[in-house]
Amino acid sequence: MTASDRRPLRVLSRHEVRQALREEGTLSLSDLAILENADAFLAFGKGPFPENAAGHYPLHLCVGGPLRVNGVERRIAMATEELGIVAGLGRIARTLPSKDGITVQVAKRNRVRGQILFHHVMDAARKVRQIEDYGGVYVRSAHQSWDPMVKHGGGLIGFTPRVILAANGRPTLALDIEADTGESMGANVITRMGDLLAASMAFLVGQVGHTSICTNHRSGWHVVATGAFHMDGVHAFRAASGIVDLQAFAEQDIGRAVTHNKGVLNGISAVATATGQDVRAIEAACHAEASWHGGIRPLTTLTNRSGSTVVGRLELTLPVGTVGGATQEPIAMVCRKLMGVTGSRDLAGIMAAVGLAQNVAALRMLATEGVTDSHRRLRRK
Ligand code: MEV
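Owing to the predicted nature of the structure, the values given are computational and were not obtained by experimental measurement.

**Student:** Break down the side chain of glutamine 277 for me, with residues and values.
**Tutor:** As for its position among the elements, glutamine 277 is in the loop between α9 (254–274) and α10 (279–291). The exposure class of glutamine 277 is buried, given its relative accessible area of 9%. The residues contacting glutamine 277, other than those within four sequence positions of it, are Ala272, Ile282, Pro319, Val320, Gly321, Thr327 and Leu347.

Structure representation (structure tokens):
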């Protein structure tokens, strides 16, 4: 019997999926034992099991830092397969000023963005003007639909209609919508808001069919992280000048800029994975930020101050939440607890701080011992 002759995996339990893979000879008994053992690594959430689940994929959960963020010392939960990054974070954290550490400024609102698209709209420019004229009515009706969120200070912030002439010459009426989704990362909320808004505008637009979807570009908590890293030891000057040389090169070279940014994401994605975030949304947002002005630029700016100090800055908008989806997995909750996360705004600040620190840690390693020696040293431990 071939795989396509069998019952579809989506109708089977996790155990049955494994047995099916065993019976068809894809997996051996010892393979099944590996999958079964991996289950024990994770606490099980209450949510439904995904289709086709055969087991869990365990990652190391490491406790990095401690890292001082806005003067508060935090342990950092990092789920990653790359162990060098945790060691790197711990070492670079010790170069930060003992009082403040990394300073983060996080916007007051979680501004989540979405798009509603009506394709092939006749007389689109006039309809844009009409939507603008009736804007207040639509916002009021959207507020009624999202009463609980509005009560907590969130809800629809506004929308901007515009016309895009597609490559095929047909006009699309696009509405960029923005909402404060509070503790929620907001992708589903803004998409549903878009559907409701689109339904209320269908008559005016003269069209029922639409697309409503969140955008991962500049959606979420806007964060600026800054820090002064005081390089120590005999290589302090070499490290600091090597870091700014690597920064200058990354500003001119896409090959280096992309890898430079991977170093930032090493930190951000590890925290995002540990805390149950949509890691792809965060990474998509970071890549867009790096390429927004054409080309790819490094996400951080790093300058040298007084020979052995590197001053770093990272500005990002991070789509993160503490409610909904995988954020409710018990292990994600434990990770937020060990970091002392007070809410999604706080988490966004910590993630940006870790991203900046991780980037400086990577560049210091490249400018001094290099990757090969660093890995060798870690393996000796
Ligand atoms: C490896 O995971 C990350 C680095 O490649 C980052 C960088 O090159 O800046 C070391």
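There's more to say after this.
**Student:** Could you give an account of the pairing of strand β1 (residues 60–69), with specific residues and numbers?
**Tutor:** Side-chain direction in a regular strand flips from residue to residue, so the side chains alternate between the two faces of the sheet. Here β1 runs beside strand β2 (residues 72–80); their pairing, made up of 8 bridges, is antiparallel. Paired with histidine 60 across the bridge in β2 is threonine 80. Between β1 and β2, which pair antiparallel in sequence order, lie 2 residues; one of them, asparagine 70, sits at a positive phi of approximately 50 degrees.

**Student:** Provide a residue-level description of the sheet that holds strand β4 (residues 111–119), including the pertinent values.
**Tutor:** Whenever strands of a sheet pair, they do so through backbone hydrogen bonds, lying parallel or antiparallel. In space, the 4 strands of this open sheet follow the order β5-β6-β4-β7, with antiparallel pairing throughout. In this open sheet, the two edge strands, each paired with only one partner strand, are β5 (155–165) and β7 (211–214). Along the sheet, successive strands turn relative to each other by an average axial angle of 20 degrees, direction set aside. Along the sheet, helix α4 (residues 124–133) contacts β5 and β6 (171–180); its crossing angle with β5, the most-contacted strand, is approximately 165 degrees.

**Student:** Any details on the nonpolar core? Residues and values, ideally.
**Tutor:** Core analysis: the largest hydrophobic core is formed by 60 residues, its most contacted members being Leu67, Ile102, Met231 and Leu318. If one sorts the elements of this core by residue count, helix α12 (residues 344–367) sits on top with 13 residues. Excluding anything up to four places from it in sequence, leucine 318 contacts Ser219, Gly220, Trp221, Val223, Ile268, Ile282, Cys286, Ala348, Met351 and Ala352. Counting 29 residues, the second largest nonpolar core, distinct from the first, contains Ile116, Trp146, Leu175 and Ala281.

**Student:** I'd like a description of the pairing of strand β8 (residues 221–230), backed by residues and values.
**Tutor:** With respect to burial, β8 is a largely interior element, 7 of its 10 residues being buried. Here strand β3 (residues 103–106) runs beside β8; their pairing, made up of 4 bridges, is antiparallel. When the bridges of β8 are listed, glutamine 105 appears paired with valine 224. In this sheet, strand β10 (residues 309–318) lies alongside β8 in antiparallel orientation, the contact comprising 10 bridges.

**Student:** How would you summarise the site of the ligand if you had to cite specific residues and measurements?
**Tutor:** In the vicinity of the ligand, the contacting residues are Glu82, Arg256, Thr259, His260, Lys262, Gly263, Asn266, Ala362, Leu363, Met365 and Leu366. For the ligand, an oxygen atom lies 2.6 Å from a polar atom in the side chain of arginine 256. Notes on the ligand: free accessible area 300 Å², of which the protein chains cover 84%. Those elements that place two or more of their residues in the shell around the ligand are α9 and α12. The element contributing the most residues to the shell around the ligand is α9, with 6 residues.

**Student:** I'd like to hear about α10, residue by residue, with values.
**Tutor:** In this model α10 runs 19 Å from its N-terminal to its C-terminal C-alpha over 13 residues, within 8% of the 18 Å that 1.5 Å per residue would give. Within α10, burial applies to Val279, Ala281, Ile282, Ala285, Cys286, Glu289 and Ala290. On its buried side, α10 packs onto α9, β10 and α12. A distance of 3.3 Å separates the backbone nitrogen of arginine 280 from a side-chain oxygen at the start of α10, and that oxygen is part of aspartate 278.

Cut-offs used in this document
- Residues numbered from 1 in each chain as written.
- Predicted model: local features only at pLDDT ≥ 70, side-chain atom pairs only at ≥ 80, totals over all residues.
- Heavy atoms only, no water.
- Helix = DSSP H or I, 4+ residues; strand = E, 2+ residues; numbered from the N terminus.
- Buried < 20%, exposed > 50% of the residue type's maximum accessible area, 1.4 Å probe, protein only.
- Contact = heavy atoms within 4.5 Å.
- Pairing = 2+ DSSP bridges.
- Axes fitted to C-alpha atoms, helices over the stretch in contact; angles between N-to-C directions.
- Core = buried A, V, L, I, M, F, W, Y, C linked by side-chain atoms within 4.5 Å.
- Near = heavy atom within 4 Å.
- Polar contact = N/O pair within 3.5 Å; in protein donor to acceptor, adjacent residues only side chain to side chain.
- Areas by Shrake-Rupley, 256 points an atom, 1.4 Å probe, with all protein chains shown as cover.
- Expected span 1.5 Å × (residues − 1).

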